[in-house]
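Each chain, letter by letter, is given below.
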Amino acid sequence: MIGAGRGRVVVTGGAGFIGSHLCDALVSRGSSVVCVDDLSSGRRENVAHLDGEPRFELVVADVTREIPVEGRVDAVMHLASAASPADYLARPIETLAVGSEGTSKALHLAAESGARFVLASTSEVYGDPAVHPQIETYWGNVNPIGPRSVYDEAKRFAEALTMAWRRTHGLDAGIARIFNTYGPRLRPGDGRVVSNFLVQALSGTPLSVYGQGRQTRSLCYVDDQVAGLLALLDSGHAGPFNIGNPEETTVLDLAHLVLEMTGSRSTIEHHDLPEDDPGRRCPDISAARRDLGWTPRVPLVEGLSRTIEYLAPLVSSERG
Ligand code: UDP
């Protein structure tokens, strides 16, 4: 199994935020990487530093149409999808297509190649959870016709399809449920809470707290997330596994922490809570700790300060 991740790995969504860090990690541990991305939310600049690296190739393609990869493939890691609520709410039909058609094409590629398959699923499969913290055996509480369903149900379908391939064709497949992840290469205008608050604090505009800010999230630094995905790739386990950091915080506390860490004088402004916004979210990661030997290591303050280092120059060049 160790061989899979050391060989030739296709990463769909490889120019995205998590995908590009995953490409970096794979290349640096000796794999050849084919990054397939349509650059709709991924960005060429996220992988520009890999230009000229003989073990890296960027293929610009929409995985709902085709995954044009020839030759040997040892693993397929399927991350392609809009993931920020702002992005998937703006492209609802495309999001459903990538979760269904895109996942189907990625599974076919893995099956034809005899490759290991890793699906990047999401904590959103739990919807607005009635069980806390969320454990993998919990089936979730998703509004199937609400605005967020385009993402939640696409990922739930992707999980179902992956398990059907595993059961029917014996495909060597595993599922990671990714919880909120942050770090360098978050797009400044991505719309997610960490990038919004940091950009707002660094530019001196009010922090947009949705609702009272009592809802919670548990934020995982991107390097930890990538280590979890690689541990799943190497393991041969099916999962699903929650991959996230169980350090839970309210959105309002996060806003105050961002103000403190940036030394910003921004105020806090409350906005309407988006429809179906999950009230609490925190992963139970005992399965990943036990079966994958994985645990997140980067504390929130440390991860935020690395993210500030990345965003601060972007914000000041925008203002300048
Ligand atoms: N949120 C917020 N202000 C923002 C962006 C998000 O208060 O500018 C809240 C949002 O309502 C949610 C949490 O932060 O409760 C995380 O939102 P995000 O869009 O990052 O991801 P989600 O976990 O909802 O997919």
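Before reading further, recall that the structure is shown in the block above.
Before going into details, it helps to say that this report is about the structure given with it. Just so it is clear, the structure is predicted and the values come from calculations on it, not from any experiment.

**As for the site of the ligand**
As a structural note, the neighbourhood of the ligand is formed by 18 residues, with Val193, Ser208, Arg217, Asp277 and Arg281 the closest of them. Between the ligand and Val193, the relevant distance is 2.8 Å, taken from an oxygen atom to a main-chain nitrogen or oxygen of the residue. Counting only elements with at least two residues in the shell around the ligand, the list comes to helix H6 (193-203) and strand E8 (207-210). Along the lines of polarity and charge, the residues of the shell around the ligand split into seven nonpolar, five polar and six charged.

**Topic: the packing of helix H4 (residues 92-113) against helix H5 (residues 149-169)**
Running from N to C, H4 and H5 point in directions that differ by 15°, and their axes come no closer than 8 Å. Between H4 and H5, the interaxial angle falls into the category roughly parallel. The handedness of the crossing between H4 and H5 comes out as right-handed. Facing Pro92, Thr95, Leu96, Gly99, Ser100, Thr103, Ser104, Leu107, His108 and Ala111 of H4, the residues of H5 in contact are Ser149, Val150, Tyr151, Ala154, Phe157, Ala158, Leu161, Thr162 and Trp165. Here the residues of the contact of H4 with H5 are counted per class, giving 11 nonpolar, eight polar and no charged.

**Focus: the sheet that holds strand E1 (residues 8-12)**
Spatially, seven strands are ordered E3-E2-E1-E4-E5-E6-E11 in an open sheet, and the strand pairing comes out parallel. Two strands lie at the open edges of the sheet, namely strand E3 (56-60) and strand E11 (241-243), each paired on one side alone. Ignoring which end each strand starts from, the neighbouring axes of this sheet average 20° apart. Packed onto the sheet, H4 meets E1, strand E4 (75-78) and strand E5 (116-122) and runs at close to 170° relative to E4.

**Thoughts on helix H10 (residues 300-319)**
Over its 20 residues, H10 runs 27 Å from end to end, which matches the ideal 28 Å to within 8%, given 1.5 Å per residue. The sharpest bend along H10 measures roughly 30° and falls at Leu311, with the proline Pro313 sitting one to four residues further on. Residues of H10 that are buried include every one of Leu300, Gly303, Leu304, Thr307, Ile308, Leu311 and Val315, and no others. Along its buried surface, H10 packs onto strand E7 (181-182), H6, strand E10 (220-221), strand E12 (248-250) and helix H8 (251-262).

**Overview of the pattern of salt bridges**
Scanning all chains against the criterion turns up 20 salt bridges. Note that Asp172 and Arg116 form a salt bridge whose closest N and O atoms lie 2.8 Å from each other. One end of the pair, Asp172, is in the loop between H5 and strand E6 (173-178); the other, Arg116, is in strand E5, and 56 residues separate them in sequence. For Arg290, the salt bridge is made with Asp291, and the minimal N-O distance between the two is 3.1 Å. The class of Arg290 is exposed, set by a relative accessible area of 62%. Assessed through its relative accessible area of 30%, Asp291 is described here as partly exposed. Salt bridges sharing common partners tie together Glu124, Arg148, Arg217, Asp277 and Arg281.

Rules of the game
Starting afresh in each chain, residues are numbered from 1 along the sequence in its written order. The model is predicted, so local features are restricted to residues of pLDDT at least 70 and side-chain atom pairs to those at 80 or more, both for listing and for counting; the totals for chains, interfaces and linings are taken over all residues. The basis for every side-chain value is the complete set of heavy atoms in the structure, and neither hydrogens nor water enter the calculation. We call a residue near a molecule or strand as soon as one heavy atom of that residue lies within 4 Å of the molecule or strand. Here a polar contact means two N or O atoms within 3.5 Å. Within protein one must be a hydrogen donor candidate and the other an acceptor candidate, and residues neighboring in sequence count only if both atoms are side-chain atoms. Helix and strand labels come from DSSP, where a helix needs a run of H or I of at least four residues and a strand needs a run of E of at least two; each type is numbered from the N terminus. Basically, the charged four are Asp, Glu, Lys and Arg, the nonpolar ten are Ala, Val, Leu, Ile, Met, Phe, Trp, Tyr, Cys and Pro, and anything else, Gly included, counts as polar. Axes, fitted as lines to C-alpha atoms, cover a helix only where it is in contact. Angles between the N-to-C directions of the axes lie from 0 to 180 degrees. An angle below 35 degrees is treated as roughly parallel, one above 145 as roughly antiparallel, one from 65 to 115 as roughly perpendicular, and anything else as oblique. The crossing is said to be left-handed when, going from far helix to near helix, the turn is anticlockwise and less than a right angle, and right-handed when the turn is clockwise. Residue contacts are defined here by distance: any two heavy atoms, one from each residue, within 4.5 Å place the two residues in contact. Whether two strands pair comes down to DSSP finding at least two bridges between them. Expected helix span is computed as 1.5 Å times (number of residues minus one). Note that bend, as reported per residue, equals the angle between axes fitted to the 7 residues terminating at that residue and the 7 residues originating from it. Only protein chains enter the area calculation, which uses a 1.4 Å probe; residues under 20% of their type maximum are buried, those over 50% are exposed, and those in between are partly exposed. A side-chain nitrogen of Lys or Arg and a carboxyl oxygen of Asp or Glu constitute a salt bridge if their distance falls within 4 Å.

Worth remembering: the numbers are spatial, not functional.
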